[in-house]
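Residue-level structure breakdown
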Amino acid sequence: YTPTPYCSFDIVATQDNTMVTITPSSNIVGHNANIPFTITLNKGQTYSATATSQLANQHLNGSMITSNKPIAVTIKDD
C-alpha cells in the first residue's frame, strides 16, 4: 500500500483546556508503550497517535485514554 498503513487513533477536544492522558499499549511516535503522558487540547484541536510498527501484536488496541472534558476518538487500523 502507498502510503504505508499503520494503526493509529485521533483524539479531538470538544472544549478548551481539555487535559487528555494517554497510555499507549504499544510504542507510538514520540512515546513508549505503557508510560502515561498528558496533553492539553483546545476545542477542535486533534492529537494523532500512530504505532511505530506494522506488526499485528504492536497495534494500539488496549490503549487507555482519559480526559477531564468530553472528547471524541477515532480509531484507524491498517
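Refer to the structure above for everything that follows.
We now turn to the structure provided with this report. (Residues numbered from 1 in each chain as written. Predicted model: local features only at pLDDT ≥ 70, side-chain atom pairs only at ≥ 80, totals over all residues. Heavy atoms only, no water.)

Here the focus is the overall build of the protein. Looking only at helices and strands, the protein has zero helices and six strands in total. Helices and strands appear in the protein in the N-to-C order β-β-β-β-β-β. In terms of overall size, the protein behaves like a compact globule, its C-alpha atoms giving a radius of gyration of 12 Å where 78 residues would be expected to give roughly 12 Å. Along the three orthogonal principal directions, the C-alpha set of the protein runs to about 35 × 25 × 20 Å. Residue burial in the protein is summarised as follows: out of 78 residues, 28% are buried. For the protein, the proportion of contacts with a sequence separation of at least 24, taken over those separated by at least 6, is 67%. (Helix = DSSP H or I, 4+ residues; strand = E, 2+ residues; numbered from the N terminus. Rg over C-alpha atoms; globule rule 2.2 N^0.38 Å. Buried < 20%, exposed > 50% of the residue type's maximum accessible area, 1.4 Å probe, protein only. Contact = heavy atoms within 4.5 Å.)

We now examine unusual backbone geometry. Non-glycine residue Asn17 carries a positive phi angle of around 55 degrees. Tracing the sequence through the fold places Asn17 in the loop between strand E1 (8-13) and strand E2 (18-23). Here Asn34, not a glycine, exhibits a phi torsion of approximately 65 degrees, which is positive. Relative to the elements of secondary structure, Asn34 occurs in the loop between E2 and strand E3 (37-41).

Turning our eyes to something else, we now look at the environment of Pro70. On the secondary structure map, Pro70 appears in the loop between strand E5 (64-67) and strand E6 (71-76). The class of Pro70 is partly exposed, set by a relative accessible area of 46%. Sequence separation between Pro70 and Met19 is 51 residues, and the spatial gap between their C-alpha atoms is 9.9 Å. With sequence-adjacent residues up to four places away left out, Pro70 is seen in contact with Ala13, Thr14 and Gln15.

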